[in-house]
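Residue-level structural notes
Read off the chains here:
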Amino acid sequence: MGPLTSIIWGIIPVMDFVEKLVEAQRKKDSIAMLGVEPQLDTHSAPGVPAGYTLSRFCCEIVEACAPSMAAIKPQLAFFEARGLDGMRALVEVLKLARSLNLVTIADGKRGDIGSTSAAYAEAFLGDGDFACDAVTVNPYLGSDAMAPFVAKVRAGRGVFVLVKTSNPSSGEFQDLQAPERPLWKAVATRVHGWGSDFITPHGLTAVGAVVGATYPDHARSAREIMPNAVILVPGYGAQGATAADAVITARADGLGAIVNASRSLMYAFQKKPGSMPGAAAAEAALAMRVELNAALTARRNTSA
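This report concerns the structure included in the present document. Within every chain, residues take consecutive numbers counted from 1 along the sequence as written. Residues qualify for local features only when their pLDDT is at least 70, as the model is predicted, and side-chain atom pairs are given and counted only at 80 or more; totals for whole chains, interfaces and linings, by contrast, use all residues. In computing side-chain properties, one takes all heavy atoms of the structure into account and sets aside hydrogens as well as water.

1. Description of the packing of helix α6 (residues 114-125) against helix α7 (residues 143-151)
Lines fitted to C-alpha atoms define the axes, with helix axes restricted to the stretch in contact, and inter-axis angles between N-to-C directions lie between 0 and 180 degrees. Helix and strand assignments follow DSSP, with helices taken as H or I runs no shorter than four residues and strands as E runs no shorter than two, numbered in order from the N terminus. Between α6 and α7, the least distance of the axes is 8 Å, while the angle of their chain directions is 25°. When the interaxial angle is binned, α6 and α7 end up roughly parallel. Crossing of α6 over α7 shows right-handed handedness. Of the residues in α7, those touching α6 at Gly114, Ser117, Ala118, Tyr120, Ala121 and Leu125 are Asp144, Ala145, Pro148 and Phe149. Only Asp, Glu, Lys and Arg are considered charged, only Ala, Val, Leu, Ile, Met, Phe, Trp, Tyr, Cys and Pro nonpolar, and every remaining residue, Gly among them, polar. For the contact of α6 with α7, the class distribution of residues is seven nonpolar, two polar and one charged. An angle below 35 degrees is treated as roughly parallel, one above 145 as roughly antiparallel, one from 65 to 115 as roughly perpendicular, and anything else as oblique. By definition, any crossing whose near helix is turned counterclockwise from its far helix by less than a right angle is left-handed, and any crossing with a clockwise turn is right-handed. In this analysis, two residues are considered to be in contact whenever any of their non-hydrogen atoms come within 4.5 Å of each other.

Next comes the structure, spelled out in structure tokens:
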């Protein structure tokens, strides 16, 4: 039993985050998630369409995509970069998502010394303005940095630990041998250990992992190492991963994975001249849900 496990040891009968996610996925027949990432302005295009406020744009996208999505994942950086207006918009997005019974995952990739992590955990997994159902965390500082987040599992929250990310240079550190296996596999093993005390009747734990769909072979290995983790899957859509890649970590019943798409949904209107952002996003979200479900069906048929 490692130092983190000894801090949070115990088994709880109901895992609220897992139950909430499973209920949402089954109700929507969807493992899709909307990444709320209002891009910053560039020389070629504004991050927020003309005639919209940040809050209105994000909320319109969330509401339009809600029928096809089980969850949303606001990327905190895009709100923080806009100062107080951005954070007020984040609050509005979270309020709307809760009213639509969407699971909320704060994508902050937080992690620091114990007392700072405790403050981060309270900020995003407590009961305040920025509270979400789960948060993404960075395990680089080790077990004492993760403990305050994992402890929130007792309060029904979820945690997604960065394990194997989807970005092109992720292997620069994550694939280093440490010493007999890649570093990311060592992290995955710790994630499995941290979550083993919190396995629900669904066979899943709220101590989850982030594993990119852009590395399908790594995703298969990650599922073997972390058989009970809910896996957050980035990389589908604008980053180039296919639906077949994205569902690799899902179980045969479709549970255990939540697949994110951000820009391909929020900015779908840019590929449909004359269309409204919400209408274009709704169409793209439905197409995503259908494509992912078809990939799950094909995978089940192949393994049958």
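2. Remarks on the pattern of salt bridges
We define a salt bridge as a side-chain nitrogen of Lys or Arg found within 4 Å of a carboxyl oxygen belonging to Asp or Glu. Under the counting rule described, the total for this entry stands at 14 salt bridges. Residues arginine 181 and glutamate 180 are paired through a salt bridge, measuring 3.6 Å at the closest nitrogen-oxygen approach. Among the charged side chains, a salt-bridge network with shared partners connects Lys20, Asp127, Asp133 and Arg157.

3. As for the side chain of lysine 152
Tracing the chain through its elements places lysine 152 in the loop between α7 and β5 (158-164). Using a 1.4 Å probe on the protein chains alone, a residue whose accessible area is under 20% of its type maximum counts as buried, one over 50% counts as exposed, and one in between counts as partly exposed. The exposure class assigned to lysine 152 is buried, which follows from its relative accessible area of 19%. What qualifies as a polar contact is a pair of N or O atoms within 3.5 Å, subject to a donor-acceptor requirement within protein and to the restriction that residues adjacent in sequence count only when both atoms come from side chains. In terms of polar contacts, lysine 152 uses its side chain to reach the side chain of glutamate 122, at 2.8 Å. Setting aside anything within four residues of it in sequence, one finds lysine 152 in contact with Ala121, Glu122, Leu125, Gly126 and Arg157.

4. Side note on a nonpolar patch on the surface
Two joining distances apply to patches: 9 Å for like charges and 5 Å for nonpolar side chains (Val, Leu, Ile, Met, Phe, Trp, Tyr), and every residue must have over 30% relative accessible area and no salt bridge. Surface accessibility in these figures is a Shrake-Rupley result with a 1.4 Å probe; residues are shielded only by whichever protein chains are displayed. A grouping of Ile113, Tyr140 and Leu141 is seen on the molecular surface, where their side chains present a nonpolar patch of about 370 Å² in accessible area. Within the secondary structure, tyrosine 140 is located in the loop between β4 (134-137) and α7. Exposure remark for tyrosine 140: the relative accessible area of 72% places this residue in the exposed category.

5. What to know about the sheet that holds strand β2 (residues 71-74)
Through backbone hydrogen bonds, the strands of a sheet pair up, either in parallel or in antiparallel fashion. Two strands are counted as paired when DSSP detects at least two bridges linking them. Pairing within the closed barrel is parallel, and its eight strands lie in the order β1-β2-β3-β4-β5-β6-β7-β8. Each strand of the sheet is rotated relative to its neighbour by a mean of 30°, with strand direction disregarded. Across three bridges, strand β7 (residues 229-233) lies against strand β8 (residues 257-261) in parallel orientation. Across the sheet, leucine 232 pairs through a bridge with isoleucine 258, a residue of β8. Relative to β4, α7 is tilted by about 170°, and along the sheet it contacts β3 (103-110), β4, β5 and β6 (205-211).

6. Remarks on the pairing of β8
Judged by how many residues are buried, β8 sits mostly within the fold: five of five residues are covered. As paired elements, strand β1 (residues 32-36) and β8 share three bridges and run parallel to each other. Looking at β8, one finds that methionine 33 is bridged to asparagine 260.

7. Overview of helix α13 (residues 277-303)
Helices are assigned an expected span. That span is 1.5 Å times one less than the residue count. The first and last C-alpha atoms of α13 sit 39 Å apart over 27 residues, in line with the 39 Å expected at 1.5 Å per residue. Within the sequence span of α13, burial applies to Pro277, Gly278, Ala280, Ala281, Ala284, Ala285, Met288, Arg289, Leu292, Asn293, Ala295 and Leu296. On the buried face of α13, the contacting elements are α2 (16-28), β1, α3 (54-65), α11 (243-246), β8 and α12 (263-266).

8. Looking at the packing of aromatic side chains
Each aromatic pair joins two rings of Phe, Tyr and Trp (for Trp, the six-membered one) with centres within 6.5 Å, and gets the label stacked for planes under 30 degrees apart, edge-to-face for over 60, and tilted for any other angle. Per the counting criterion, the structure on display carries five aromatic pairs. Relative to tyrosine 267, the ring of phenylalanine 57 has its centre 5.7 Å away and its plane inclined at 55°; by these criteria the two rings are tilted. Taken together, the residues phenylalanine 57 in helix α3 and tyrosine 267 in the loop between α12 and α13 connect sequence positions 210 residues apart. By the burial criterion, phenylalanine 57 is buried, and tyrosine 267 matches it. Seen in terms of ring centroids, tyrosine 267 and phenylalanine 269 are 6.0 Å apart; in terms of plane orientation they differ by 40°. Their pairing is tilted. Across the pair, exposure class does not vary: tyrosine 267 and phenylalanine 269 are buried alike. Linked through ring pairs, Tyr52, Phe57, Tyr267 and Phe269 together constitute an aromatic cluster. Working rule: Lys NZ or Arg CZ, within 6 Å of ring centre, within 35 degrees of ring normal, means a charge sits over the ring. The ring of tyrosine 52 is capped by arginine 56, whose NZ or CZ atom sits 4.0 Å from the centre of that ring.

9. Details of α2
With 13 residues, α2 should reach 18 Å at 1.5 Å per residue; the first-to-last C-alpha distance of 18 Å fits that figure. Taken residue by residue, α2 has Phe17, Val18, Leu21, Val22, Ala24, Gln25 and Lys28 as its buried positions. The arc that holds the buried residues of α2, viewed along the axis, is 165°, so those residues lie on one side. Residues of α2 that are exposed and point over 90 degrees away from its buried face: Glu23, Arg26 and Lys27. Aspartate 29 sits one or two residues past α2 and shows a positive phi near 50°. The directions considered for the arc run from the helix axis to the C-beta atoms.

10. Observations concerning the nonpolar core
The set of buried Ala, Val, Leu, Ile, Met, Phe, Trp, Tyr and Cys residues whose side-chain atoms join them within 4.5 Å is what this entry labels a nonpolar core. Core analysis: the largest hydrophobic core is formed by 100 residues, its most contacted members being Leu34, Met69, Val163, Val191, Met226, Met288 and Leu292. When near neighbours in sequence (up to four residues on either side) are disregarded, valine 191 contacts Val161, Val163, Val207, Gly208, Ala209 and Met226.

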